[in-house]
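Structure at a glance
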Amino acid sequence: MSKYSISACLLFFGAMSFGCSQTLSPSSHKLPSKEPGRYVEKMDSGGIGRSYILRVPKAYDASKPLPLVIVLHGWTASAVLAEAYTGMGAESDREGFIMVAPDGLGSNGMQGWNAGFIDLSGKGADDVAFINSLIDKVVGEVGVDPDRIFIAGHSNGAFMANYLGAKLSKRIAAIGSVAGTVGVPDPESTGGYKMIPQPSEPLSVILIHGKKDPMVQFEKNSQALLHDVPAMDSAKFWAKNDGCVLTPLETKSPNGNVVTTTFPNGKSGTEVTLVAIGNGVHDWPGGLNRRGQETTTGVNAADLIWKFFQTHPKRH
């Protein structure tokens, strides 16, 4: 929910370079042939001008569709910041997937997302329609594997990732949520929550959450600004929807700081994983924060999420 160093982002981007597309063989199936590179683009959605960053990796040669990962920034951040502080921009070129980082709406540096159960965009815009149209636009420009479309988000962007997973479950293969939740307190009920809707199809989910998060609570009665649906309850929401085994598997890191809880064997090969970080706060683990590179958790969320996405395509 906080801003990150613009200068660090510029340094990060200045170090990146991209190659040219490869020559197609005559027998290759021709896909949309946007050249590898980094693009800052605009589109209209619901009468509102929207902007986003598109990164086409060096591996793209217009003969084979690639996975698409949409990365959603936290409240008060932006596409350019999320591209850098999450590490997903560098990950896309290194691992060979298409990355899109869109900008939320807002003003005076307070841009965010309308995640249905909570609107931090300040505009009441239909961000589900925007992201759905954005996927269509990218598919028209670059070869995207329709069974490997993924959403990853941080904080308010993680709220939106959960909401998109529910609303676009027919299209999304998996989501990654860092410091997110599936619901927030409902002021119109006593002890109840405003929740994401039930998805119509199963999808795989990885949730990463710090136990010491001061913004979005990890568990009930945590000392946090937002007393949302706790992390384990969010995981169970998805596990029940997917038809996973509700007696989870649990593993711990050698130092005990990271506990991974996995709900396996969901419908259509889906799986739900919660990564709980004992000393984790509200930062993106392994990414950039105000002090530089986050190294105290021993977790690299970009690597962890991408590896999860790789093994959880949409299965029909």
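1. Digging into the side chain of Ser-177
For Ser-177, the position within the fold is in strand β6 (residues 174–178). Classification of Ser-177 as buried rests on a relative accessible area of 2%.

2. Comments concerning empty space enclosed by the protein
Per the stated rule, a full pass over the model turns up two cavities of 30 Å³ or more. In this structure, the largest cavity occupies an estimated 40 Å³ of space. As for the largest cavity, its lining consists of Val-178, Ala-179, Ile-208, His-209, Gly-210, Ile-277, Gly-280, Val-281, Asp-283 and Pro-285. For the lining of the largest cavity, the per-class residue count stands at six nonpolar, three polar and one charged. The computed volume of the second largest cavity comes to approximately 30 Å³.

3. What to know about the packing of aromatic side chains
The description of two aromatic rings rests on the distance between their centres and on the angle between their planes. Following the criterion strictly, the structure yields four aromatic pairs and no others. Ring centres of Phe-117 and Phe-159 lie 5.9 Å apart, and the angle between their planes is 50 degrees; this geometry places the pair in the tilted category. Residue Phe-117 is located in the loop between β4 (98–102) and α4 (127–141), and its partner Phe-159 is located in helix α5 (residues 156–167); the two are separated by 42 residues in the primary sequence. Across the pair, exposure class does not vary: Phe-117 and Phe-159 are buried alike.

4. Quick look at α5
In a regular helix each residue adds 1.5 Å, so 12 residues correspond to 16 Å; α5 covers 16 Å between its end C-alpha atoms and thus fits that length. Taken across its 12 residues, α5 has 11 buried, putting it largely inside the fold. Within α5, the full set of buried residues consists of Asn-156, Gly-157, Ala-158, Phe-159, Met-160, Ala-161, Asn-162, Tyr-163, Leu-164, Gly-165 and Ala-166. Its buried side turned inward, α5 meets β3 (66–72), α4, β5 (144–154), β6, β9 (204–210) and α6 (231–242).

Rules used in this analysis
- Residues numbered from 1 in each chain as written.
- Predicted model: local features only at pLDDT ≥ 70, side-chain atom pairs only at ≥ 80, totals over all residues.
- Heavy atoms only, no water.
- Helix = DSSP H or I, 4+ residues; strand = E, 2+ residues; numbered from the N terminus.
- Buried < 20%, exposed > 50% of the residue type's maximum accessible area, 1.4 Å probe, protein only.
- 1 Å grid on protein atoms, 1.4 Å probe; cavity = no way out; pocket = protein on both sides within 12 Å on 5 of 7 lines; lining within 4 Å.
- Points joined across faces, edges and corners; volume = space filled by probe spheres on them.
- Nonpolar A, V, L, I, M, F, W, Y, C, P; charged D, E, K, R; others polar.
- Phe/Tyr/Trp six-rings, centres within 6.5 Å; stacked < 30°, edge-to-face > 60°.
- Expected span 1.5 Å × (residues − 1).
- Contact = heavy atoms within 4.5 Å.

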